[in-house]
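# Coordinates in review
What follows is the residue order along each chain.
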Amino acid sequence: MAISFTNNWKNILDKLQSVLRTEFGSTLKVYRGKVISPGNQYLTLLPLGTTLSEYNVSSEIREFSVSMEYHFRDPNMNEKALDHVTRIVSRIEALIQNNISMTLSDSSSAFNCRIESTDLGGGDESEYIVVLEWACQHLGNVG
């Protein structure tokens, strides 16, 4: 007999992408997976994994982890360009803090949403890559 399930990854990534796109509009493209964008800045969402936090007979709480990679291309990474990068990163961090709980398309919730770490400085002299580790918890498989 086939099981019934919900693609929690899709629901969480859909909502996270929607929150980011609503905030940034067309100024910052938001993609899923590894992409090379033709623009000078973009953000990618890369699912990392889940961890079981709590388990019982009728449900489970899982922690979902997503790597958010902000790419900024500029042939002259000077102080002005670095200021732009840190401004965007701070805006993303504040946006996530303002969305600590998010209602998903199946009416469940992602909660305790947070940026756990931010790593600045990846890339080379013409591209700056910032990796933000995003995590949330989700109550699923409720039966």
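Residues numbered from 1 in each chain as written. Predicted model: local features only at pLDDT ≥ 70, side-chain atom pairs only at ≥ 80, totals over all residues. Heavy atoms only, no water.

### Here we look at the overall build of the protein chain
Our working definition: In this text, helices come from DSSP runs of H or I with a minimum length of four residues, and strands from runs of E with a minimum of two, each type numbered from the N-terminal end. Here, two residues are considered to be in contact whenever any of their heavy atoms come within 4.5 Å of each other. Throughout, the Shrake-Rupley method with a 1.4 Å probe supplies accessible areas, and for residues the shown protein chains are the sole cover considered. Charged residues are defined narrowly, with Lys and Arg counted positive, Asp and Glu counted negative, and His plus the chain ends left uncounted. All charge positions are set by atom: Lys at NZ, Arg at CZ, Asp at CG, Glu at CD.
Assigned secondary structure in the protein chain consists of 2 helices and 6 strands. Nonlocal contacts in the protein chain, meaning residues at least 24 apart in sequence, comprise 58% of its contacts between residues at least 6 apart. Of the roughly 8200 Å² of accessible surface on the protein chain, 51% is carried by carbon and sulfur atoms. Both charge centroids of the protein chain, one from 12 positive and one from 17 negative side chains, sit 8 Å from each other.

### Some words on the packing of aromatic side chains
Definition in use: The criterion for an aromatic pair is that two Phe, Tyr or Trp rings (for Trp, the six-membered ring) have centres within 6.5 Å, with stacked assigned to planes under 30 degrees apart, edge-to-face to planes over 60 apart and tilted to the rest. Only protein chains enter the accessibility calculation, which uses a 1.4 Å probe; a residue whose area is less than 20% of its type maximum is buried, one above 50% is exposed, and one in between is partly exposed.
Enumeration over the complete set of coordinates arrives at 2 aromatic pairs. Taking 4.9 Å as the distance between ring centres and 80° as the angle between the ring planes, the aromatic pair formed by W9 and F64 counts as edge-to-face. Remark: F64 occurs in strand β3 (residues 59-73) and W9 occurs in helix α1 (residues 8-24); sequence separation between them is 55 residues. When the ring of Y31 is compared with that of Y42, the centres are 6.1 Å apart and the planes differ by 70°; the resulting orientation is edge-to-face. Taken together, the residues span a long stretch of sequence, with Y31 in strand β1 (residues 29-32) and Y42 in strand β2 (residues 41-56) at a distance of 11 residues. For Y31, a relative accessible area of 25% translates into the label partly exposed.

### Some words on α1
One turn of the α-helix equals 3.6 residues, which is why residues spaced by three or four share an orientation. For clarity, the threshold we go by: The span expected for a helix works out to 1.5 Å for each residue beyond the first. Two N or O atoms form a polar contact when they lie within 3.5 Å of each other; inside protein one atom must be a possible hydrogen donor and the other a possible acceptor, and for residues adjacent in sequence the pair counts only when both atoms belong to side chains.
End to end, α1 covers 24 Å across 17 residues, agreeing with the expected 24 Å (1.5 Å per residue, within 8%). Residues of α1 that are buried include every one of N8, N11, I12, L13, L16, Q17, V19, L20 and F24, and no others. Contact partners of the buried residues in α1: β1, β2, β3, α2 (79-98), β4 (102-103) and β6 (127-140). Looking at where α1 begins, the residue whose side-chain oxygen comes 3.3 Å from the main-chain nitrogen of W9 is N7. Phi turns positive one or two residues past the end of α1, at G25, with a value near 55°.

### With respect to the packing of α1 against α2
Rules: Fitted lines through C-alpha atoms serve as axes, helices being fitted only where they are in contact, and the angles separating the N-to-C directions of these axes extend from 0 to 180 degrees. For classification, angles of less than 35 degrees are called roughly parallel, those exceeding 145 degrees roughly antiparallel, those between 65 and 115 degrees roughly perpendicular, and all remaining angles oblique. Left-handed describes a crossing in which the near helix is turned anticlockwise from the far one by less than a right angle; the clockwise case is right-handed. Under the scheme applied, nonpolar residues are Ala, Val, Leu, Ile, Met, Phe, Trp, Tyr, Cys and Pro; charged residues are Asp, Glu, Lys and Arg; polar residues are all the others, including Gly.
At a minimum axis distance of 11 Å, the contact between α1 and α2 shows a crossing angle of 125°. Taken together, α1 and α2 sit at an angle that is classed as oblique. For the pair α1 and α2, the crossing hand works out as right-handed. On the side of α1, the interface is formed by L16, V19, L20, E23 and F24, while α2 contributes I88, R91, I92, L95 and I96. Taken together, the residues of the contact of α1 with α2 sort by class into 8 nonpolar, no polar and 2 charged.

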